[in-house]
Amino acid sequence: MKITPGSLQELAVLANKKKKENTAFFRQLASKQPGKVDAAFQLIHEEVFAGIDCLECGNCCKSLGPRLTDADIRRVSVVLRVKPSELTERYLRLDEDNDYVFRQMPCPFLDAGNFCGIYENRPRACRDYPHTDRRRMQQILDITLKNIETCPAVFEIVERIKKLKL
């Protein structure tokens, strides 16, 4: 799948058009057998990501501010060879939920080729994104609905799952 800035704009428009449909679908999914929902997401996640190069996109790193835990802050500060307090002061802020997030986006560690300068030590939220291969998917359907607007892979995963008879 080739990702361009134009295709990301189209994704946002299309995701917005399908928001009611997807919200209704997720309401139905919430009542399905959890094991079947998880298995479907995991299978389709693998299929979709087999054909996607995230380095072509990087939209998540450009637009979503991940939550950084204390463990993330300690790990990243070691890699950058700064004190956690310096990392916090230089790159982070507290959001409305009192969580640490990046002060500004795109991510300060994202380079022009969409490579992450701290990839091996990136925050857990980044490591787990887009969360479509995890267990208990029904617990995060609200997050998945939001991620449809940002991630072409999530959009495709949801479109394929809608075609299944769960």
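That block above? That's the structure.
Residues numbered from 1 in each chain as written. Predicted model: local features only at pLDDT ≥ 70, side-chain atom pairs only at ≥ 80, totals over all residues. Heavy atoms only, no water.

Visitor: Honestly, the packing of helix α2 (residues 19–29) against helix α9 (residues 152–162) in this entry has me stumped. Any pointers?
Guide: Two numbers describe a pair of packed helices, the interaxial angle and the distance between the axes. Contact pair α2 / α9: the axes reach a minimum separation of 11 Å and the direction vectors enclose 60 degrees. With respect to α9, the axis of α2 lies oblique. As α2 packs across α9, the resulting crossing turns out to be left-handed. For the pair α2 and α9, contact is made by Glu21, Asn22, Phe25 and Phe26 and by Val158, Glu159, Ile161 and Lys162, respectively. (Axes fitted to C-alpha atoms, helices over the stretch in contact; angles between N-to-C directions. Helix = DSSP H or I, 4+ residues; strand = E, 2+ residues; numbered from the N terminus. Parallel < 35°, antiparallel > 145°, perpendicular 65-115°, else oblique. Left-handed = near helix turned anticlockwise from the far one by under 90°. Contact = heavy atoms within 4.5 Å.)

Visitor: Looking at this structure, I do not really get the packing of aromatic side chains. What am I missing?
Guide: Both the distance between ring centres and the angle between the ring planes are used here to describe each pair of aromatic rings. Here the structure, examined in full by the defined rule, presents 3 aromatic pairs. Ring centres of Tyr91 and Phe109 lie 4.9 Å apart, and the angle between their planes is 50 degrees; this geometry places the pair in the tilted category. Pair noted here: Tyr91 is in helix α6 (residues 84–91) and Phe109 is in the loop between β2 (100–102) and α7 (124–128), with a separation of 18 residues, a long-range link. Summarising the aromatic geometry, the rings of Phe102 and Phe109 are spaced 5.9 Å apart at their centres and angled 65 degrees between planes, so their arrangement reads as edge-to-face. Following the ring pairs from residue to residue traces out a cluster consisting of Tyr91, Phe102 and Phe109. (Phe/Tyr/Trp six-rings, centres within 6.5 Å; stacked < 30°, edge-to-face > 60°.)

Visitor: Is there a simple way to explain the environment of Leu14 in this structure?
Guide: Along the polypeptide, Leu14 turns up in helix α1 (residues 5–17). Taking the C-alpha atoms as reference points, Leu14 and Ala40, separated by 26 residues in sequence, lie 23 Å from one another.

Visitor: Can you help me understand the side chain of Ser77 in this one?
Guide: You can see Ser77 is positioned in helix α5 (residues 70–80). What makes Ser77 buried here is its relative accessible area of 2%. Ignoring sequence-local partners within four residues, the contact set of Ser77 consists of Val82, Lys83, Pro84 and Leu87. (Buried < 20%, exposed > 50% of the residue type's maximum accessible area, 1.4 Å probe, protein only.)

Visitor: Can you help me understand the nonpolar core in this one?
Guide: A general trend in soluble globular proteins is that nonpolar side chains are found buried together. Within the largest apolar cluster, 25 residues are counted, with the highest numbers of intra-cluster contacts made by Phe26, Leu29, Phe41, Val48, Ile148, Ile157 and Ile161. Listing elements by their share of this core, those giving two or more residues are α1, α2, α3 (34–49), α8 (141–147) and α9. Sorting elements by how many residues they give to this core places α9 first, with 6 residues. Setting aside residues no more than four positions away along its own chain, Ile157 makes contact with Phe41, Ile44, His45, Val48, Phe49 and Thr132. Counting residues in hydrophobic clusters, the runner-up holds 12 residues, among them Leu87, Tyr91, Cys107 and Ile118. (Core = buried A, V, L, I, M, F, W, Y, C linked by side-chain atoms within 4.5 Å.)

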